[in-house]
Amino acid sequence: MRIAVHLDRARLFRWHLVLIEALRAAGHVATVQFRDISEPLPTSLTVLLDFDRVRARSGPDRLSTRMAPAAFAPFDAGRDARPVLTLDLATSSKVTRIDGRVLRPGYDGSAKDTALFHALFKGRAPQLTASDTANGGVWDIGLPALEMPTRLAASFDQTSSRLVEGLAGIIARIGAGETADTRAPSAQTKVAPKSILRSAGAFASARTSRKLTRARDKLAGNTPRWHVAWRFVADTDLPPAAGTLDLTEFRILADDGQRFYADPFVFVRDGVKHIFVEEMPSATGTGVISHFTIDGGGGGDSTASTPRIVLQTPFHLSYPFVFERAGEIWMLPESAASGGLDLYRATRFPDRWVKHARLIDGRIHDATLFEHEGLLWIAAAAEAFQSSTWDALALYWSKSLAGPWHPHGKNPVLVDARSARPAGPLWCSDGQLFRPAQDCSGGYGGHIAVKRIVTLTPVAFEEVRDGSIAFNPDHNLLGPHTIGRGGGLEVVDIYARPGALRAAFRAGS
């Protein structure tokens, strides 16, 4: 397809160049056309972007890096080219009329890139869409996650990464004959303030306030950290579809202050309740998989053994998804730092594991195995360029555990910080399949969204939100981030300041 990318000489970023290169790599003839009148970026914006990159010691490869027009000279086709599609990335204060079929990114329903910057100044990502003049419809790209909302450049990197991925995917779908949705877009149009200067000033002030809060917490020994907790529940192994959790019903796994525990998974064998967790020692900063057991029948008489390391590698491990199949016990720990997803087999349960096979190459996170209509599936969080790892869901399917594993035809099947990243094992209830997902829109593992899968085939996927699982929002707790049940036991993890935990226990539910 012949594509003209419409740009403003004064508002060029590396993400524009990365998108052009991605389109050309996909076989398209992508060329550049520059807008007649340029609108320079506000100085307040460029100063904050440059400061953040210097502070983070970022190299020139970041997608938020500003570029000179010379970088696009190899792709400049002038005005003579007749594209099949124009990708308009030059919209700032007003939309310029362009002949032919035009695709324009949308930020919270606005085609103006100032809406993107205003959203980032507020510490959130905008809902990304793309309007299509072919039928007046809108393509939905999704809602990115911002891992460090106080760092403008990093937030821009993560948002533009999903934008590049989404626009390239839309153009591939157009080439395959698909059309945009003519229904009302999921994004709500928001009126951005007229002055970026005011937003930039508020952003800088808020960042200073957050720094002071972190410094105060550190001096007071009240820095937030991860905790694993458990409670005894009814015999059913099905987590609640929705509801508010009462922290006073849980017991917190003790630690020595030199490590934290997270990502708990229950595995019951011969009546023994085994819990596998990520252990993160402060001394190394590299996650390992540890194991403990819980004795007792519930309430105050239950006790947890001291966690012991059962799997350690040179790279970070977490999310120890343990399961039994074909008479063997297996583990699928997150091993994205190794460049792929590895399957481990227990040679002596629970403390000896050997690597059995690499199932999938690539950096995927929180891989969760389940079975559906005769196929095995893996749901996992996926990355793109410099995106967050919190906001996109990828699916893989196979006829056997050994593989081969095939990517879903629409990966990523979902980009949404509110409900993409897996949060524990799936479950079936009344013939329906439910998927717990992390809601990271207010922070990593803020709480859990319960998604009901409506359609799942190798080429189609649809799910709907069926509720949420959270602690009382008045108690300043993030979580649960992972949830699982087995043998009448429910395990979760929580991110909180010690002071908030104490206050929540005193306050009750």
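It should be emphasised that the depicted structure is a prediction, and the values quoted were computed from it without experimental measurement.

Visitor: If you had to explain the nonpolar core to someone new, which residues and values would you point to?
Guide: Buried together is how nonpolar side chains tend to be arranged in soluble globular proteins. If you look at the biggest cluster of nonpolar residues, it comprises 48 residues, and the most contacted ones within it are W15, F72, L87, L103 and L167. Top element by residues in this core is helix α4 (residues 152–175). It accounts for 9 residues. Setting aside residues no more than four positions away along its own chain, L167 makes contact with W15, L19, L87, L89, L103, P105, A130 and I141. F265, W330, L332 and L401 belong to the second-largest nonpolar core, a separate cluster that totals 21 residues.

Visitor: Can you tell me about the packing of helix α3 (residues 113–121) against α4, naming the residues and giving the values?
Guide: One way to put it is that α3 packs onto α4 with a least axis distance of 10 Å and a crossing angle of 125°. As judged from the angle between their axes, α3 and α4 are oblique. Note on packing geometry: the crossing formed by α3 with α4 is right-handed. Across from L116, F117, L120 and F121 in α3, the residues of α4 making contact are L152, S155, F156 and T159. For the contact of α3 with α4, the residue count by class is 6 nonpolar, 2 polar and no charged.

Visitor: Talk me through the pairing of strand β1 (residues 2–7); I want residue IDs and the actual numbers.
Guide: When you tally the buried positions in β1, you get 5 out of 6 residues, the bulk of the element. Summarising the sheet, β1 and strand β2 (residues 29–34) pair through 6 bridges and their orientation is parallel. In the strand pairing of β2, L7 is matched with F34. Once the chain exits β1 it traverses helix α1 (residues 14–25) before rejoining the sheet at β2, and the crossover so formed is right-handed. As paired strands, β1 and strand β3 (residues 85–88) are joined by 4 bridges and run parallel to one another. Bridge pairing links H6 to D88 in β3.

Visitor: Can you tell me about the sheet that holds strand β18 (residues 352–361), naming the residues and giving the values?
Guide: Read across the open sheet, the 4 strands follow the order β15-β16-β17-β18; overall the sheet is antiparallel. Sheet topology places β15 (318–325) and β18 at the edges, where each strand pairs with a single neighbour. Ignoring strand direction, the axes of neighbouring strands in this sheet form an average angle of 25°. Where β15 meets strand β16 (residues 328–334), 6 bridges bridge the pair, whose relative direction is antiparallel. Paired with E324 across the bridge in β16 is I329.

Visitor: Account for the sheet that holds strand β26 (residues 447–457), naming residues and giving values.
Guide: The 5 strands are arranged β8-β27-β26-β25-β24 in an open sheet whose pairing can be described as mixed. Here the strands that pair on one side only, and so sit at the sheet edges, are β8 (243–245) and β24 (427–429). On average, each strand axis in the sheet is tilted by 40° relative to the strand beside it, whichever way the strands run. Pairing between β26 and strand β27 (residues 460–471): 9 bridges, direction antiparallel. Bridge pairing in β27 links K451 to R465.

Visitor: Before we move on, can you summarise the packing of aromatic side chains with the specific residues and values?
Guide: Tallied over the full model, the rule gives 14 aromatic pairs. Measuring from centroid to centroid gives 5.7 Å for F265 and F321, while their planes differ by 70°, and the two rings are edge-to-face. Separated by 56 residues along the polypeptide, F265 in strand β10 (residues 259–269) and F321 in strand β15 bring together distant segments of the chain. Looking at F265, the relative accessible area reads 4%, which means it is buried. Look at F267 and F349: their rings are 5.4 Å apart centre to centre, the planes differ by 55°, and that puts the pair in the tilted class. Highlighted residues: F267 in strand β10 and F349 in the loop between β17 (340–348) and β18, separated in sequence by 82 residues.

Visitor: Which residues make up the pairing of β15, and what are the values?
Guide: Among the 8 residues in β15, 6 count as buried, and that is most of the element. Taking the residues that link successive antiparallel strands as the turn, the β15-β16 hairpin has 2 residues, and the phi of A326 there is positive, at about 55°.

Visitor: Quick rundown of unusual backbone geometry? Include the residues and the values.
Guide: A cis amide bond, omega 5°, links F349 with the succeeding residue P350. Looking along the chain, the bond that leaves G403 and enters P404 is cis, with omega of 5°. Looking at the element boundaries, P404 is found in the loop between β21 (392–398) and β22 (406–407). For Y319, which is not a glycine, the phi torsion comes out positive at approximately 45°. As for its placement among the helices and strands, Y319 is situated in strand β15. A relative accessible area of 0% means that Y319 is categorised as buried.

Conventions used here
- Going along each chain's sequence as written, the residues are numbered from 1 onward.
- Whole-chain, interface and lining totals are the exception, using all residues; otherwise, since this is a predicted model, local features are given only for residues with pLDDT of at least 70 and side-chain atom pairs are given and counted only at 80 or more.
- Side-chain metrics in this entry use all non-hydrogen atoms of the structure; hydrogen atoms and water are not considered.
- Buried Ala, Val, Leu, Ile, Met, Phe, Trp, Tyr and Cys residues form a nonpolar core when they are joined through side-chain atoms within 4.5 Å.
- Each residue's exposure class comes from its accessible area (1.4 Å probe, protein chains only) as a fraction of the maximum for that residue type: buried when under 20%, exposed when over 50%, partly exposed otherwise.
- In this text, helices come from DSSP runs of H or I with a minimum length of four residues, and strands from runs of E with a minimum of two, each type numbered from the N-terminal end.
- Contacts: residue pairs with any heavy atoms within 4.5 Å of one another.
- Axis definition: a line fitted to C-alpha atoms, over the contacting stretch in the case of helices. Angles run 0 to 180 degrees between N-to-C directions.
- Angle categories: roughly parallel below 35 degrees, roughly antiparallel above 145, roughly perpendicular from 65 to 115, and oblique for all the rest.
- For any helix crossing, the convention is left-handed if the near helix is rotated counterclockwise from the far helix by under a right angle, and right-handed if that rotation is clockwise.
- When residue character is reported, Ala, Val, Leu, Ile, Met, Phe, Trp, Tyr, Cys and Pro are called nonpolar, Asp, Glu, Lys and Arg charged, and the others, Gly included, polar.
- Two strands are counted as paired when DSSP detects at least two bridges linking them.
- By the criterion used throughout, a crossover qualifies as right-handed when its path from the first strand across the helix to the second strand runs clockwise, the strands pointing away from the viewer.
- Centres within 6.5 Å make a pair out of two Phe, Tyr or Trp rings, where for Trp the six-membered ring is used; the pair is then stacked when the planes are under 30 degrees apart, edge-to-face when over 60, and tilted otherwise.

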